[in-house]
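# Secondary and tertiary structure notes
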Amino acid sequence: MADALYDFGMIGLGVMGSNLLLNMADHGFKVIGYDKNPDKTGTLESSAKKGTIVKGVNTLAQMISQLQKPRKLMMLVPAGNPVDSVIAELIPLLEEGDIIIDGGNSHYIDTLKRITFLKEKKLHFMGIGISGGEQGARVGPSIMPGGDIEAYKQVEPILKAVAAKVNEQPCVAYLGNDAAGHYVKMVHNGIEYAIMQLISECYDVLHNGLGLTNDELHTIFADWNSGEMKSFLLEITAEIFLKKDDKSENRLVDMILDKAGAKGTGKWTSEAALDLPEPIPTIDMAVMMRNISALKEERINANNLYNPGLKKINISKEDLIQQLHDALLFATVASYAQGLSMLAKASVLLKMQIPLPEVIRVWTGGCIIRSSLLNMFGKAYEKNPQLQNLLLDEKIAGLLKSKLESLQKVVTIALLHNYPVSALSASLNYFNAYCREKLPTNLIQAQRDYFGSHTYERVDAAGIFHTDWEQDDKTVDHSSGH
Ligand code: 6PG
C-alpha cells in the first residue's frame, strides 16, 4: 500500500486518535496515522478490520507525502505546547490550502491565535471538539466543528460518516465562526462537570445518609436512567456500583480515593463565563468541589478538628429517593440552562454565530452529556431561537415547578445532616435569584456609592445618581413595614 494516496491523516495515535482513524477506515476512507512510537503504529495496523485501508508511519514527512491534496489531517495530542510543536513541525511540510484540525480539548483562545497564525501561512486551521471518550471515537462520537467554513465543507463527509447517529442524523454540524468548535466543547465539559457533581451529591445522600448498598444504588440509578432523565452519565453510574475490585473483596467504587482529577476544561468554562459575564453557578460549584476534593489531607485534619459527623437521615426512604430524583432532574436542567445561556451570550459577544438548536442536536448522541432531556431543550430553541435561557420556556417552567419542592427539601435535609450539596444548592439559588423580580442588590449599589462614589440607578427615574451618604440627612423610621 506504499503509494496509496490517503484521504485523512491522524497525528497522535493514543487510543482516541487510533480509534477515530479506525472508525474512518470502517466507513471506507483510506487513512494514515503518525506516531513516533512504532508500537502504536503497529497496534493501529493490526487493529484494522480486514478490507480497510489503514497505514501507520513513524515520521510526519512520510505521512504528508502520502496524503491526497489538499491534505486533511487531525492532531489528537494533549492541549497546550504539544499542539504548537506539531504545528511548527507541520508548517514546512504543508502547502497552501492544506487543512489542519485540532481535535483535542484546546483552549479556545489558543485556537483563535493558531487560526490567525496559520491563515497568514495560507493554511486552514480548525478547532473541533470531539466527545464520547475512547469508545465513542471508535463507534461514533459527537463532533463539534467550528471556524473555517471552506475547510469544514471539505472534511464534512468524513465527519458525518464517523459521527454518532440519532434518528439517522449524524451528530455533527458546523457550530460557528472562529474557535466556536472548541468553545462549544468547553461548555459541554462544564455541563459534564456539573452533572457528574450533582450525581455524586445524590450518591452521598443515598449511600451515607440512607445507608444504601451498592446493589441498591445500582437499582436506583438504573431506574432513574429508565425514565425522563435517561442519559449516558446515569447509565454508567448505575454500572459502576456493580464493578468488583480485583484487588480486594470490595466493590471498586469503594476502593477509589476521593480526589477528583481535572484536565482544565471545567475551570476554563468558569473563567470564560466570568469574562462574559454569564452566571453558571452549578458548573462553578462542580469545579470548586473537585478543588476541595483535592485537599484530602486538609480535609482529614479539619474533620478531626470539627468532627461534624455525617448524620443518618431518618425519613421515609421511598420519599427521599423520589425527592432526590426530582432534585437531580431540576438541577440537571439548570446546568444545561446555564451552559446554553452562556453559549447564547458568547455567540453574540464573541461574534461566533453559534446555532444553539444544532448544538443541542449534536449533543443528543455520542457525547458524555447525551440525555433524553435534550429533546425537550431542542424543542424549546426551535420554538424560539432567540430564547435567552431554557428557564424561560413554558414547558420547561411547568416541569421545574413540579420538581421545585423536592429540590428545596433535598437541599434542606442534606445541609441539616452535614452533607455538602454544593451543586444542588447552587442550582436552587440560581433559580431563586433568576426568578426574583427584585433582588437585594439595591443595598450593594448603595454601599458602593457610599464608599466609592460608584453611582447608582433609581427605580423611579432614568439616569445615573450619586449621593453624599455622610451628610447628616439620615432618618430613623421606627414604624414597622416596608
Ligand atoms: C468527552 C470528555 C473528555 C474529557 C475527559 C476528562 O467529552 O469525551 O469531556 O473530552 O476531557 O473526560 O476531563 P477531566 O479530566 O477534565 O475530567
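All figures in this text were calculated on a predicted structure; none of them were measured in a lab.

Parameters and conventions
Residues numbered from 1 in each chain as written. Predicted model: local features only at pLDDT ≥ 70, side-chain atom pairs only at ≥ 80, totals over all residues. Heavy atoms only, no water. Helix = DSSP H or I, 4+ residues; strand = E, 2+ residues; numbered from the N terminus. Rg over C-alpha atoms; globule rule 2.2 N^0.38 Å. Buried < 20%, exposed > 50% of the residue type's maximum accessible area, 1.4 Å probe, protein only. Contact = heavy atoms within 4.5 Å. Areas by Shrake-Rupley, 256 points an atom, 1.4 Å probe, with all protein chains shown as cover. Lys, Arg positive; Asp, Glu negative; His and termini not counted. Charge placed at Lys NZ, Arg CZ, Asp CG, Glu CD. Salt bridge = Lys/Arg side-chain N within 4 Å of Asp/Glu carboxyl O. Pairing = 2+ DSSP bridges. Right-handed = clockwise from strand over helix to strand, strands pointing away. Domains from an automatic or database assignment. Buried area = accessible area lost by both parts, 1.4 Å probe. Polar contact = N/O pair within 3.5 Å; in protein donor to acceptor, adjacent residues only side chain to side chain. Nonpolar A, V, L, I, M, F, W, Y, C, P; charged D, E, K, R; others polar. Near = heavy atom within 4 Å.

### Topic: the overall build of the chain
Along the backbone of the chain there are 19 helices and nine strands. Taken over C-alpha atoms, the radius of gyration comes to 26 Å for the chain, in line with the 23 Å a tight globule of 482 residues would show. Expressed as lengths along the three principal axes of its C-alpha atoms, the size of the chain is roughly 90 × 65 × 45 Å. Residues classed as buried in the chain amount to 49% of the 482 residues present. Pairs at least 24 apart in sequence give 69% of the contacts found in the chain among residues at least 6 apart. Looking at the chain as shown, the accessible area adds up to about 24100 Å², and 54% of this sits on carbon and sulfur atoms. The average position of the 48 basic charges and that of the 57 acidic charges among the side chains of the chain differ by 5 Å.

### Regarding the environment of Val187
By the secondary structure assignment, Val187 is in helix 8 (residues 180-209). The sequence separation of Val187 and His207 amounts to 20 residues, and the corresponding C-alpha distance is 30 Å. Excluding anything up to four places from it in sequence, Val187 contacts Thr269, Gly339, Met342 and Leu343.

### Focus on the pattern of salt bridges
This model, assessed by the stated rule, comprises 21 salt bridges. Among the salt bridges present, the one from Arg71 reaches Glu95, with a minimum N-O distance of 3.2 Å. On the criterion of sequence distance, the pair formed by Arg71 in the loop between helix 3 (60-65) and strand 4 (72-75) and Glu95 in the loop between helix 4 (81-90) and strand 5 (99-102) is long-range, its members being 24 residues apart. The partner of Lys409 in a salt bridge is Glu405, with the nearest N and O atoms 3.1 Å apart. Within this pair, Lys409 and its partner Glu405 are both found in helix 17 (residues 394-416), separated by four residues, close to a single helical turn. What makes Glu405 partly exposed here is its relative accessible area of 48%. Among the ionic contacts, a cluster of salt bridges with common partners joins Lys69, Arg71, Glu95 and Asp98.

### A look at the pairing of strand 5
Of the two faces of strand 5, the one lined by Ile99 and Ile101 and the one lined by Ile100 and Asp102 are each fully buried. In this structure, strand 4 lies alongside strand 5, joined through four bridges in parallel fashion. Across the sheet, residue Leu73 finds its bridge partner in strand 5, namely Ile100. Handedness of the strand 4-helix 4-strand 5 crossover: right-handed. Where strand 5 lies against strand 6 (residues 124-131), four bridges are found, and the strand directions are parallel. Considered in strand 6, the bridge of Ile100 is made with Phe125. Viewed along the sheet, the connection from strand 5 through helix 5 (residues 108-120) into strand 6 turns out right-handed.

### So, the domain arrangement of the chain
Parsing the chain into structural domains produces domain 1 (8-174), domain 2 (185-434) and domain 3 (441-480). Taking the mean C-alpha position of each, domain 1 and domain 2 sit 32 Å from one another. The partner domain 2 presents 18 residues to the 23 residues of domain 1 that form the contact. Between domain 1 and domain 2 the total buried area reaches about 1400 Å² when both faces are included, carbon and sulfur atoms providing 65% of it. The interface formed by domain 1 and domain 2 contains six residue pairs in polar contact (both at pLDDT 80 or more). Within the side of domain 1 that touches domain 2, the residues separate by chemical class into 13 nonpolar, ten polar and no charged.

### Some remarks on the site of the ligand
Around the ligand, the surrounding shell holds 14 residues, and the nearest of these are Ser131, Lys185, Glu192, Tyr193 and Arg290. One nitrogen or oxygen atom from the side chain of Asn189 is found 2.9 Å from an oxygen atom belonging to the ligand. Within the complex, the protein chains bury 79% of what would otherwise be the 420 Å² of accessible surface of the ligand. No other element matches helix 8, which puts five residues into the shell around the ligand. Taken together, domain 1 (8-174) and domain 2 (185-434) each give at least three residues to the shell around the ligand, which thus spans both.

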